Amino acid sequence: MESIFMRKRRIRNEALWRTEIMHGRRDFCWLTKQVQNKNIITYYLDDGKKTAVTETIEREMPLLFKEIRRSGSPDASIAFLPGDEAALGTEGYRIGETEAGYKIESASPAGYLYGMYGLHRLLTAQNETGFPYESVPDQSIRMIDHWDNFDGSIERGYAGESIFYDHNTFRGDMELIRQYARLLASVGINAVLINNVNVHRAETFFVTGEALTEIRKISDVLAAYGIKTYLSVNFAAPITVGQLKSADPLEPEVASWWEETVKRIYEEIPDFAGFVVKADSEGEPGPFTYGRNHDDGANMLARAAGPYGGVIIWRCFVYDCAQDWWNREADRARAAYDIFEPLDGRFLDNVILQIKNGPIDFQIREPVSPLFGALKKTNQILEFQITQEYTGHQRDICYLVPMWKETMDFDTKHGKSLTVKEALRENSPVRRRSGIAGVGNVGMDANWTGSKLAQANLYGFGRLVWNHELSAEAIAEEWVRQSFCLTEEKCGKLAAILTTSREVYEAYTCPLSVGFMCKPSIHYGVDIDGYEYDRWGTYHYADRDGVGRDRTVKTGTSYTRQYSDARFSEYEDLSSCPDELLLFFHHVPYTHVLHSGKTVIQHIYDTHFEGVERVREYQAVWESLKDSLDEESYLNMKERLVWQMENAVSWRDQVNTYFYRKSGIPDEKGRKIYQ
Ligand code: GCU
């Protein structure tokens, strides 16, 4: 008998896929690839136990697997069978073929759910895969952080208003949240933070009263897709909400207030995951106010949450945002390590430190945070930014998976070899309390992410965090195949836009990892000196002789010493410092010759001219795909590419002119640089 897999393959080759707009307004993007087909596959769950997640499977199965069978073909089944926990863990799955169809084995309903999406993906988007196919997530916590405010705005959101809140009410659109949960679960996300880490007055009250009933409704919908709900809390809530005089973590009254508060939360939401805390950072309150340290603050909350299995995710994004720009000794890059490294081993088992990928703030290029590998006795989560704050506002195309992969694969060289992705798991005393989080990029826009292509970042985040072996290229192709109906050649062209877009964005913006140079506060568009004489600690120090931040031990801020010995030597020494990180670590003359053989000034000119040309090529490729794309997606990115072009041109011209005026060195290729 011809196997279903064989049949499927043929259908796929017939290129019958199409993207479907469901429910009138929301684009289900990568979950909607279907062929026209009325038949529905039969399936069964072997253990027969119903949970919210198995009910989700029952509901989703017919929709997702319509395409597996074609009219007139015999019935086929998908069986869900108990799997071996020792091999698959609690969330992994194995897919095999049977006479009648497929079987999915897992040790938990969540694993069945991931298996169901996994099978769908194998059949719709991946190249040939043999069965049995086994997949176990590489990270335990796979999380999306929403920076959504109760008033409906989203801090650093570029896709419309919040899907959770609207004018200081809960939006209450549970169907929308269900669709979102489905999108996330389909790529293996299992945790969501539902409010901004900057907790304003209104959200400070989320930990109490009627808000909890609404949060439970959200949490129930997410839980049906295997997703746990976290809340950001305000460290000063005991004062604002509890009417206490202090929020001092060592004050017994304060600790009891949190205990009571946490108890009430768990009465309302028994499977509540825990808190995320931004303390002593950018104006947020924290333990420093009371002369206490971050372990005092985090452990106090952890004691309150511990009895319920709750965890405290404590962010390491702590630095002085009121620096004197003329003080060259202060270095913002040092802050997280200076504060948290000495606390290694002092946090309770249910505390997790959340560390941004780089030492500054989600720039297009930064070195990896030196805390990875250095923290050896502390649970840890790596934080990426999916929303494109500094990387193009979901106007400019910037597929971030290559950057994330680079960070995860970075060898910290602590010990013989220890990559960041390994350090997360291995240096966390409680492995299931480690993982990777990404600041989310969705909003009320009909295609979720404003830019159609920005969906690839959300998709790619989930896929990469689940499976570290996937390449950025493979993920891009997968997403393209599931989202559009293209020939292999065109699929390749579109995927190539994605996979080159980070280097292109980097080319026309800040050179050689110098960072910032963007418009203050909005963080889009060029303003070379926008932060230069400001308090935020992000300076390029360009003058007539050179550019860059000296962070060496020899002559600079000694930031380089925060790395392992091997990395320290590499970064400290100008001759071994990688080109792309040069201006993060060194102040050099414009005539300094890079490993590439170019001078710094010529590199600046070349990349900025090339960046614009590459965007022009993207426009041409996009036009060539016009007839193969749905109109909405075509117009969506066509418009954005026009904006991207304007942005790239303005970066090119201002950066080139700025450095020409500083250095007085002309472009050796004689291109147009305004005087
Ligand atoms: C950046 C961003 C802020 C955000 C902060 C954070 O500084 O611009 O909007 O609040 O990161 O991560 O807490």
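Residues numbered from 1 in each chain as written. Predicted model: local features only at pLDDT ≥ 70, side-chain atom pairs only at ≥ 80, totals over all residues. Heavy atoms only, no water.

Student: Could you give me a rundown of the site of the ligand, with the residues and numbers involved?
Tutor: Around the ligand there are 14 residues in total, and Glu155, Lys278, Arg315, Lys356 and Glu389 lie nearest to it. At 2.9 Å, a side-chain N or O of Asn198 approaches an oxygen atom of the ligand. Against a free-state accessible area of 320 Å², the protein chains account for coverage of 97% of the ligand. (Near = heavy atom within 4 Å. Polar contact = N/O pair within 3.5 Å; in protein donor to acceptor, adjacent residues only side chain to side chain. Areas by Shrake-Rupley, 256 points an atom, 1.4 Å probe, with all protein chains shown as cover.)

Student: If you had to explain the nonpolar core to someone new, which residues and values would you point to?
Tutor: Core analysis: the biggest nonpolar cluster contains 199 residues, and Tyr230, Trp258, Phe275, Trp314, Phe340 and Phe659 have the highest contact counts within it. For this core, the element with the highest residue contribution is helix H19 (residues 600-625), accounting for 10 residues. Setting aside chain neighbours within four positions, we find Trp258 in contact with Val233, Asn234, Phe235, Ala237, Pro238, Phe275, Met300, Leu301 and Ala304. (Core = buried A, V, L, I, M, F, W, Y, C linked by side-chain atoms within 4.5 Å. Buried < 20%, exposed > 50% of the residue type's maximum accessible area, 1.4 Å probe, protein only. Helix = DSSP H or I, 4+ residues; strand = E, 2+ residues; numbered from the N terminus. Contact = heavy atoms within 4.5 Å.)

Student: I'd like a description of the UniProt feature "domain: Glycosyl hydrolase family 67 C-terminal" (unreviewed entry) in the protein chain, backed by residues and values.
Tutor: UniProt annotation of "domain: Glycosyl hydrolase family 67 C-terminal" (unreviewed entry) refers to residues 449-671 when read in the numbering used here. Along residues 449-671 one finds 52% helix and 2% strand; the C-alpha atoms at either end are 37 Å apart. (UniProt positions renumbered as here; feature names shortened; annotations may be inferred.)

Student: Describe the packing of helix H14 (residues 455-466) against helix H15 (residues 472-483), and please don't skip the residues or the numbers.
Tutor: In a pair of packed helices, the angle between the axes and the distance between the axes together describe the arrangement. Taken N-terminus to C-terminus, the directions of H14 and H15 make an angle of 125 degrees; their axes are 10 Å apart at the nearest point. Judged on the interaxial angle alone, H15 and H14 are oblique. Taken as a pair, H14 and H15 cross one another with a handedness that is right-handed. On H15, the residues that touch Gln455, Ala456, Tyr459, Gly460, Arg463 and Leu464 of H14 are Ile475, Glu478, Trp479, Gln482 and Ser483. Taken together, the residues of the contact of H14 with H15 break down into 5 nonpolar, 4 polar and 2 charged. (Axes fitted to C-alpha atoms, helices over the stretch in contact; angles between N-to-C directions. Parallel < 35°, antiparallel > 145°, perpendicular 65-115°, else oblique. Left-handed = near helix turned anticlockwise from the far one by under 90°. Nonpolar A, V, L, I, M, F, W, Y, C, P; charged D, E, K, R; others polar.)

Student: Break down the UniProt feature "active site" (unreviewed entry) in the protein chain for me, with residues and values.
Tutor: Under the UniProt annotation, the feature "active site" (unreviewed entry) is placed at Glu282, Asp361 and Glu389. Within the secondary structure, Asp361 is located in the loop between strand S15 (351-356) and strand S16 (380-385). Every residue in contact with Asp361, bar those within four places of it in the chain, is listed here: Phe317, Arg332, Lys356, Glu366 and Tyr390. In this structure the side chain of Asp361 is engaged in a polar contact, spanning 2.7 Å, whose partner is the side chain of Lys356. Following the sequence through the fold, Glu389 ends up in the loop between S16 and helix H12 (401-409). The exposure class assigned to Glu389 is buried, which follows from its relative accessible area of 3%. Ignoring any residue separated from it by four or fewer positions in sequence, one finds Glu389 in contact with Trp147, Arg156, Tyr158, Ile522 and His523. Within the local environment of Glu389, its side chain forms a polar contact with the side chain of Tyr390, the two groups lying 3.4 Å apart.

Student: For the pattern of salt bridges, give the residues involved together with the corresponding values.
Tutor: Counted under the stated rule, the structure contains 39 salt bridges. Here Arg94 and Glu134 are joined by a salt bridge, their closest N and O atoms 2.8 Å apart. One end of the pair, Arg94, is in strand S5 (residues 93-97); the other, Glu134, is in strand S7 (residues 133-135), and 40 residues separate them in sequence. The salt bridge involving Arg551 is made with Asp331; its shortest N-O contact spans 3.0 Å. Remark: Asp331 occurs in the loop between strand S14 (311-315) and helix H11 (335-340) and Arg551 occurs in the loop between strand S18 (546-547) and helix H17 (565-572); sequence separation between them is 220 residues. For the pair Arg551 and Asp331, a shared accessibility class is recorded, and that class is buried. (Salt bridge = Lys/Arg side-chain N within 4 Å of Asp/Glu carboxyl O.)

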